[in-house]
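# A closer look at the structure
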Amino acid sequence: MSNSHNLRRMATRIAVSYRDPRTLRPYPGNARVHPKNQIRKLAGNIESFGFLVPLLIDRDSTVIAGHARLEAALRLELPEVPVVQIEHLKPAEVRALRLADNRLAEESSWNPELLRIEFEQLMIEPGEVDVSLTGFEMAEIDRLMIVSTD
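What this report covers is the structure whose coordinates are included nearby. (Residues numbered from 1 in each chain as written. Predicted model: local features only at pLDDT ≥ 70, side-chain atom pairs only at ≥ 80, totals over all residues. Heavy atoms only, no water.)

## Comments concerning the overall build of the protein
Tallying secondary structure elements over the protein gives six helices and four strands in all. In sequence order, the protein lays out its α and β elements as α-β-α-β-β-α-β-α-α-α. Taking 2.2 N^0.38 as the reference for a compact globule, 150 residues should give roughly 15 Å; the C-alpha atoms of the protein span a radius of gyration of 18 Å, well beyond that estimate. By its C-alpha atoms, the protein is 55 × 40 × 25 Å across when sized along the principal axes. Scored against the burial criterion, the 150 residues of the protein give a buried share of 28%. Partitioning the intrachain contacts of the protein with sequence separation of at least 6 by distance along the chain shows that 78% fall at a separation of at least 24. In the protein, which carries 19 positive and 22 negative side-chain charges, the distance between the mean positions of the two groups comes to 11 Å. (Helix = DSSP H or I, 4+ residues; strand = E, 2+ residues; numbered from the N terminus. Rg over C-alpha atoms; globule rule 2.2 N^0.38 Å. Buried < 20%, exposed > 50% of the residue type's maximum accessible area, 1.4 Å probe, protein only. Contact = heavy atoms within 4.5 Å. Lys, Arg positive; Asp, Glu negative; His and termini not counted. Charge placed at Lys NZ, Arg CZ, Asp CG, Glu CD.)

## Considering helix H3 (residues 67–76)
All of the buried residues in H3 are His67, Ala68, Leu70, Ala72 and Ala73. In this structure, the buried residues of H3 make contact with helix H2 (36–49), strand S2 (55–57), strand S3 (63–65) and strand S4 (81–85). One or two residues past the end of H3 sits Glu77, with phi positive at roughly 55°.

## With respect to the pairing of S4
For a regular strand, side-chain orientation follows a simple rule: the groups alternate between the two sheet faces. The buried fraction of S4 is high, at four of five residues. Across four bridges, strand S1 (residues 16–19) lies against S4 in antiparallel orientation. In the strand pairing of S4, Tyr18 is matched with Pro82. Note that S2 and S4 share three bridges and pair parallel. Looking at the pairing, Leu56 lines up with Val84 of S4. (Pairing = 2+ DSSP bridges.)

## With respect to the nonpolar core
If you look at the biggest cluster of nonpolar residues, it comprises 14 residues, and the most contacted ones within it are Leu24, Phe51, Leu55, Val81 and Val83. With four residues, the top contributor of residues to this core is H3. Beyond its immediate chain neighbours, meaning those up to four positions away, Leu55 contacts Leu24, Ala65, Gly66, Arg69, Leu70, Val81, Pro82, Val83 and Val84. (Core = buried A, V, L, I, M, F, W, Y, C linked by side-chain atoms within 4.5 Å.)

By themselves, these observations are geometric and do not establish any function.
See the structure below:
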């Protein structure tokens, strides 16, 4: 693949459209497992902040990335969700993207001190935001705050 082709691909423009989530198909070979608790948390997040991260779908309306968000949208009975339809990738590239989308996020870690500061800021205004919307369990937040203040 030429360097100019790679640069064009990196600068691929995307267009967000909106689709009825019931018309989208989960990929039957999706290797990522989404527990009910995660779907419940995502649904709460979407209720509070909106559906802000589009699903990636292929030309056949099969989900490439966003299976858990799709499940949350169906649970909430949303009439539409944002999607980006990916048409420029070959089938093998779609398969690789589907895996990479989940795996690459696992490569990061948290900076505990900055995380503690973020929670402290969230807690300054009690009732402003439910900290459980962050996806962290209260026990995790409590441990973080105790460890950081010792």
